[in-house]
Amino acid sequence: MSNQNAHGSPAGGTRFAGKVVLVTGAASGIGAAAARRFAAEGASLMLADVNAAGVAEVAREIDASSARAASRETDVSDFAQVEALTTEAVERFGGLDVVFNNAGIGAFGKTPDIDIAAWHRTFEVDVHSVFYGCRAAIPHLRARGGGAIVNTASISGLGGDYGLSAYNAAKGAVVNYTRAAAIEHARENIRINAVCPGPIETTLATPLIRHERVAPEYAKAIPMGRPGRAEEVAAAAAFLASNDASYVTGAMIVVDGGLTAATGQPNFHALLVGDADSSGS
Ligand SMILES: NC(=O)c1ccc[n+]([C@@H]2O[C@H](COP(=O)([O-])OP(=O)(O)OC[C@H]3O[C@@H](n4cnc5c(N)ncnc54)[C@H](O)[C@@H]3O)[C@@H](O)[C@H]2O)c1
C-alpha cells in the first residue's frame, strides 16, 4: 500500500495512530479509498460491505502493509447487522473512535416511474443505515470520552437533480440528520459531520459520469473541468474525522470541483466575450 495521497505527497502520518476506525461501503470507491487513507495515518480498521469478498480483499491489502484491518460482511440497512459489526470492532480492537457511514446506492427515475420498493430500498440503504451506524456507535464513543462520525451525503442532498428525486430526498435526509445528531451530541465531545461529494469516478457513478451524453455536460458545468477521485473525498472525510477538525461539527464539506458554487446560469463570459480558459467555452 502506498503512503501517498492522490497528489503524490505524503499522507501525513499519524493523525489516527491508536484510533479504531469503522468504515462502511469499504469494498470499493470512496469507502475503500478512505480505508486506505485512515490506514496510512495509523488507524486500526473495521471494514464492512455487502460485498464480502471485495471488503475482505481491501482488509487483506491493508493488513499486509502493517496497519491492522478486519472485515465483516454487513448489510447496513439491517440494524442487527450494524450493531453486530460495531460490537465486533470494539471487541477486536478494544474500543471505537471514528465511524465513516459511507455505504450507499443510487436511484433513478421520475416520480410516477419510481417503484415503491425501490424508493424504500433507497431510504433503507442511504438513510436508515446512517442512523443505525450512529445509534450503534454513540454509546461506544461516549465510553471513550468522545469521537467522530462522518456520514457520506452528496451534493444531491443540497438541491434537486433531474431524475434523481429518491436519491435527492434520501441524501437531503442524511444532511439534516447529520446536523441534528451533531447538536445533540456536541457536549459529549462527539463530532458528527458529512461529506457532500459531487461526481466522483467510482463503480457507482462512473457509468453516469462517462455516459456519452452526460460527459460533455459535466465538462461544461464543473468549474474544475473534471470529475473527482475517491481519494479526494477520502481526504475530506479524514480531515473531519481527525483532531484537525476539533471545532467542526454539523458541517457539510462539499467536494465537487466547484460544481455547486455556480448558479447554473449560462457562462455569460464564454458566450459573449469568448474565453478559452473558462468552462462552457
Ligand atoms: N461517486 C459519486 O459520484 C458520489 C457522489 C455523491 C455521493 N456518493 C456517495 O458515496 C458513497 C459511496 O459510493 P461510491 O461512489 O464510492 O460507490 P461504490 O459503489 O464504489 O461503493 C459503495 C459501496 O457500498 C456498498 N454497499 C451498497 N449497499 C450496501 C449495503 N446495503 N450494505 C453495505 N454495503 C453496501 C457497495 O457494495 C460498495 O462497495 C455512497 O453513499 C454514495 O451515495 C457518491
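Here, the structure is the one placed above.
Basis of the calculations
- Residues numbered from 1 in each chain as written.
- Predicted model: local features only at pLDDT ≥ 70, side-chain atom pairs only at ≥ 80, totals over all residues.
- Heavy atoms only, no water.
- Helix = DSSP H or I, 4+ residues; strand = E, 2+ residues; numbered from the N terminus.
- Rg over C-alpha atoms; globule rule 2.2 N^0.38 Å.
- Buried < 20%, exposed > 50% of the residue type's maximum accessible area, 1.4 Å probe, protein only.
- Contact = heavy atoms within 4.5 Å.
- Disulfide = S-S within 2.5 Å.
- Pairing = 2+ DSSP bridges.
- Right-handed = clockwise from strand over helix to strand, strands pointing away.
- Core = buried A, V, L, I, M, F, W, Y, C linked by side-chain atoms within 4.5 Å.
- Near = heavy atom within 4 Å.
- Polar contact = N/O pair within 3.5 Å; in protein donor to acceptor, adjacent residues only side chain to side chain.
- Areas by Shrake-Rupley, 256 points an atom, 1.4 Å probe, with all protein chains shown as cover.
- Nonpolar A, V, L, I, M, F, W, Y, C, P; charged D, E, K, R; others polar.
- Expected span 1.5 Å × (residues − 1).
- Salt bridge = Lys/Arg side-chain N within 4 Å of Asp/Glu carboxyl O.

(A) Highlighting the overall build of the chain. When helices and strands are counted, the chain shows 9 helices and 9 strands. In terms of overall size, the chain behaves like a compact globule, its C-alpha atoms giving a radius of gyration of 19 Å where 281 residues would be expected to give roughly 19 Å. Its C-alpha atoms give the chain principal-axis dimensions of about 60 × 45 × 40 Å. The buried share of the chain, reckoned over its 281 residues, is 47%. Long-range contacts, defined as pairs at least 24 residues apart, comprise 71% of the intrachain contacts of the chain with a sequence gap of at least 6.

(B) Molecular detail of the state of the cysteines. The full count for this structure, using the stated rule, is 0 disulfides. Cys196 provides the cysteine sulfur closest to Cys134, a residue in no disulfide bond, and the two sulfurs are 15 Å apart. A relative accessible area of 0% places Cys134 in the buried class. The class of Cys196 is buried, set by a relative accessible area of 0%.

(C) Looking closely at unusual backbone geometry. Positive phi, normally seen in glycine, also occurs at Asn189, with a value near 65°. For Asn189, the position within the fold is in the loop between α5 (165-185) and β6 (190-197).

(D) View of the pairing of strand β3 (residues 69-73). In this structure, strand β2 (residues 44-49) lies alongside β3, joined through 5 bridges in parallel fashion. Within β3, the position partnered with Leu47 by the bridge is Ser71. In this fold, β2 hands off to helix α2 (residues 52-64), which returns the chain to β3; that crossover is right-handed.

(E) Quick peek at the nonpolar core. Membership of the largest hydrophobic core comes to 36 residues, with the highest contact counts inside it found for Phe38, Leu45, Leu47, Ile62 and Phe100. When residues in this core are grouped by element, the largest group, 8 residues, is from helix α8 (residues 230-241). Beyond its immediate stretch of four places on either side in the chain, Leu45 contacts Val21, Val23, Ala35, Phe38, Ala39, Ile62, Arg68, Ala69, Ala70 and Phe93. If you look at the next biggest cluster of nonpolar residues, it comprises 20 residues, including Leu22, Leu85, Leu141 and Ile190.

(F) Structural context of the site of the ligand. For the ligand, the set of nearby residues contains 29 residues, the closest of which are Ser28, Ile30, Asp49, Tyr167 and Thr202. At 2.9 Å from an oxygen atom of the ligand is found a main-chain nitrogen or oxygen belonging to Ile200. Relative to its unbound accessible area of 820 Å², the ligand is 92% covered by the protein chains. At the level of secondary structure, the elements contributing two or more residues to the shell around the ligand comprise α1 (29-40), α4 (116-143) and α5. Class assignment of the residues belonging to the shell around the ligand gives a composition of 14 nonpolar, 11 polar and 4 charged.

(G) Just the environment of Gly145, in detail. You can see Gly145 is positioned in the loop between α4 and β5 (147-152). Between the C-alpha atom of Gly145 and that of Asn189, which follows or precedes it by 44 residues, the distance is 6.9 Å. When sequence neighbours within four positions are dropped, the list of residues in contact with Gly145 reads Glu188 and Asn189.

(H) Broad picture of α8. Taking 1.5 Å as the rise per residue, α8 with 12 residues should run 16 Å; its terminal C-alpha atoms sit 16 Å apart, in good agreement. α8 sits mainly inside the fold: 9 of its 12 residues count as buried. Among the residues of α8, those classed as buried are Ala230, Glu232, Val233, Ala234, Ala236, Ala237, Ala238, Leu240 and Ala241.

(I) The arrangement of the pattern of salt bridges in detail. This structure, assessed with the given rule, holds 15 salt bridges. The shortest N-O distance in the salt bridge between Arg142 and Glu188 comes to 2.5 Å. Note that Arg142 is positioned in helix α4 and Glu188 in the loop between α5 and β6, a separation of 46 residues in sequence. Take Glu188: its relative accessible area is 27%, and that puts it in the partly exposed class. Note that Glu217 and Lys220 form a salt bridge whose closest N and O atoms lie 3.9 Å from each other. Of the two residues, Glu217 and Lys220 both sit in helix α7 (residues 215-221), 3 residues apart, roughly one turn of that helix. Here Lys220 falls in the partly exposed class, since its relative accessible area comes to 43%. Each of Arg15, Arg37, Glu41 and Asp244 takes part in salt bridges that share partners, so that together they form one network.

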